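Structural features, examined
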Amino acid sequence: MFVQVTKSSRQSGKTYLSYLVRESFRTADGPRSRTVCNISELPAATRDLIAASLKGQDLLPADKVQLHEALDYGGLAVLNDAWARFQLDQFFVHIGSARQRGLLKAIIYSRLLFPCAKLSLSHQARGTWLASACGLEAKESFQEDELYHAMDQLNGHWVSLEKQLYQQAFTQSLRLVLYDLTSVYFEGQGPEHLARYGHSRDHRSDRPQMILAVATDTEGVPLHLSILRGNRADTRTLQGLVSTLRRRFGIKEATFVFDGGMSSRLNLEALSAAGLGYVTRLSAATLQSLVAELALEKQLELGDRQTLMELTHQDKRYVIAGGPWRQQRDEQRRQSRLDKAEAELKRLAARKRKKVDVQKLASQVGRSLQRLKAHKYFSYHVDEQGNLKWERKESLIAQEAHQDGWFLLHTNESVQKCSSTQVLSHYKGLLDVEEAFCELKSYMEVRPVYHWRPDRVVNHVRLCFLAYWLSARLGREWRAKGETEEVPRVLRHLQTIRLGILKLGQKIHRKTMTEIPKSLNEQIRKLGLAALFATPPRQ
């Protein structure tokens, strides 16, 4: 049986539609059909239900249609697609069992989507597609001990894995390497040979820490990670890294870009002796001493902060660079230090003391100014009665204000090989890498570290490095398509797309995805991910 729609016209010009339920039957002369009933007078919705039912479609009340086992899916789908495109499964093929490789993959994905301690991964993964994305059973428990055992499988495989990552990401030898350091503190004592008290970039001098040294290309894609003791001096990290890069990746000719903390005379001489180029920023004190030796007309040129000034001094090449935004930042930073220092000086001067100790008070003032980084801006003394007097060093402040916005770059590259504009561009790339470090520590929550076994601390950081590598590779692709938002943030937005099983009553119909919001749909098309969300996955 079926519903047949017939059209009839009248002389008046009106057209009428008739909806007839028809039945087919056979005769000796061939198939025929006859009208069972006329349903033209029924409401349109009722006619549609009758037509659908006669076609064999199941019809249920709306409350019997359910999306069953809906899982957060979108971000994991993008990561799984990237993992396959970058052929990362091949890199892990000799690491542990298939299940342990799946657990490692889950840890890496979780650093980007919902960074958490290994103990809480089971809770965070609940209601997500994580287990299926990593080839694990849907009811995977993600037990803490099993995650730790999976991490242990990285021992002895890291050098080979890092080489493969380098070959996959960089088809040609790198010509420019950006290098920077960051610190990560421990909760508790940490492993003995790594955890040390040192200069904390997290402003947590009360915690033992370790130092992470990461080398990247100009787009922030990492090629090497070193994990060092927390009290290692910055200047003692560079030569070891250069030696490792040359031995492990075959980098023979390259320009290294690094910040002032690593630019010791020995490091610069070692790079030049090895035939390697460098671009580094020198200290403000070096800038001041160099400017003092300039001719007056050159010093006056510093008033124009829109241009670059190139100098050769004692056969060394320097580029003085800056800009209005840096000038405003330097001015605001100095004024903030002055205001805080004067407030502290007034507080110390107003404090009533039972017994005057001139030396103790002067020492306390000095420590306070050092802590506020304002010691050079003030001269002070304490008289015999314990009265604290101070005054600003106005000439020094005015001299520093004249150089606001400027910073000094030093390079051993020739002008023919690297112009002053390129020198500045190389250093700005390093600033972008520093921002990437903030992403590494904030989005992926490398810190604080709760592990105490040295190998597990190292493997924890290595897994974060792998997540960072995956994020940087996606970021490189997406920036080429005009995307400016951070990769982890985009992935977490996409994770709101859910995957579930559509149930009609007690019958499982098919897998389906929730409707994608219009704004997110536009972003998906922009990033070339539309095909990924066109149909649900098969597994």
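The following paragraphs examine the structure supplied in this document. On a predicted model such as this, the values are computed, not experimentally measured, just so you know. (Residues numbered from 1 in each chain as written. Predicted model: local features only at pLDDT ≥ 70, side-chain atom pairs only at ≥ 80, totals over all residues. Heavy atoms only, no water.)

**Regarding the nonpolar core**
Counting 101 residues, the largest nonpolar core has F92, L130, F142, F256 and F533 as its most contacted members. In terms of residues, this core owes the most to one element, helix α17 (residues 454–480), which gives 13 residues. The residues contacting F533, other than those within four sequence positions of it, are Y73, G74, A77, V78, I497, M513, I516 and I524. (Core = buried A, V, L, I, M, F, W, Y, C linked by side-chain atoms within 4.5 Å. Buried < 20%, exposed > 50% of the residue type's maximum accessible area, 1.4 Å probe, protein only. Helix = DSSP H or I, 4+ residues; strand = E, 2+ residues; numbered from the N terminus. Contact = heavy atoms within 4.5 Å.)

**With respect to the pairing of strand β10 (residues 309–313)**
On any regular strand, side chains alternate: one points to one face of the sheet, the next to the other face. As paired strands, β10 and strand β11 (residues 316–322) are joined by five bridges and run antiparallel to one another. Residue H313 lies in a different strand from β11, and its bridge partner there is K316. Hairpin connection, β10 to β11: the antiparallel pair is bridged by two residues, and Q314 has positive phi, about 55 degrees. (Pairing = 2+ DSSP bridges.)

**Here's the deal with the pairing of β11**
Burial within β11 is extensive, with five of its seven residues counted as buried. Two strands pair when backbone bridges link them, and β11 and strand β14 (residues 406–411) are joined in this way by six bridges, in the antiparallel orientation. Following the sheet pairing, Y318 is matched in β14 by H410.

**So, the pattern of salt bridges**
Summed over all chains, the structure comprises 29 salt bridges. With its nearest N and O atoms 3.0 Å apart, the salt bridge here joins D206 to R204. Of the residues examined, D206 reaches a relative accessible area of 42% and is grouped as partly exposed. Here R204 falls in the partly exposed class, since its relative accessible area comes to 24%. In this structure, the salt-bridge partner of R347 is E344, at a minimum N-O distance of 2.7 Å. Of this pair, R347 and E344 both sit in helix α13 (residues 324–350), separated by three residues, roughly a single helical turn. (Salt bridge = Lys/Arg side-chain N within 4 Å of Asp/Glu carboxyl O.)

**Some thoughts on helix α1 (residues 44–54)**
For α1, the set of buried residues is R47, A51 and A52. Taken end-on, α1 shows its buried residues confined to a sector of 135 degrees, consistent with a single buried face. Of the surrounding secondary structure, the elements contacted by the buried residues of α1 are β1 (2–9) and β2 (15–27). Of the residues trailing α1, G56 is marked for its positive phi of about 95 degrees. (Arc of directions from axis to C-beta.)

**Some thoughts on the sheet that holds strand β9 (residues 277–282)**
Ordered in space as β7-β6-β5-β8-β9-β14-β11-β10, the eight strands form an open sheet in which the pairing is mixed. Because the sheet does not close on itself, it has two edges, and the strands there are β7 (222–229) and β10. Strand after strand, the sheet turns through a mean of 25 degrees between neighbouring axes, direction not considered. Contacts from helix α9 (residues 238–249) reach β5 (176–185), β6 (209–216), β7 and β8 (255–258), with the element oriented near 140 degrees to β7. Relative to β14, helix α11 (residues 284–292) is tilted by about 90 degrees, and along the sheet it contacts β9, β10, β11 and β14. (Axes fitted to C-alpha atoms, helices over the stretch in contact; angles between N-to-C directions.)

**Points about the packing of aromatic side chains**
Under the criterion given, the structure shown has ten aromatic pairs. With 4.9 Å between their ring centres and 75 degrees between their planes, Y73 and W129 make a pair best called edge-to-face. Taken as a pair, Y73 in the loop between β4 (65–72) and α2 (74–85) and W129 in the loop between α5 (121–125) and α6 (130–133) lie far apart in primary sequence, 56 residues in all. Per residue, the accessibility class of Y73 equals that of W129, and both read buried. (Phe/Tyr/Trp six-rings, centres within 6.5 Å; stacked < 30°, edge-to-face > 60°.)

**A word on the sheet that holds β2**
Reading across from one edge, β1-β2-β3 is the order of the three strands in this open sheet, with antiparallel pairing throughout. The open sheet has two edge strands with one neighbour each: β1 and β3 (30–38). Going from strand to strand, the sheet's axes swing by 45 degrees on average, the running direction of each strand aside. Bridging between β2 and β3 involves eight bridges; their strand directions are antiparallel. By the bridge assignment for β3, R26 is matched with P31. Sheet contacts for α1: β1 and β2; angle to β1, the most-contacted strand, approximately 130 degrees.

**Focus: α9**
Over its twelve residues, α9 runs 16 Å from end to end, which matches the ideal 16 Å to within 8%, given 1.5 Å per residue. Elements in contact with the buried residues of α9: α8 (158–169), β5, β6, β7, β8 and α10 (265–273). Positive backbone phi, approximately 70 degrees, marks G250, located one or two places after α9. (Expected span 1.5 Å × (residues − 1).)

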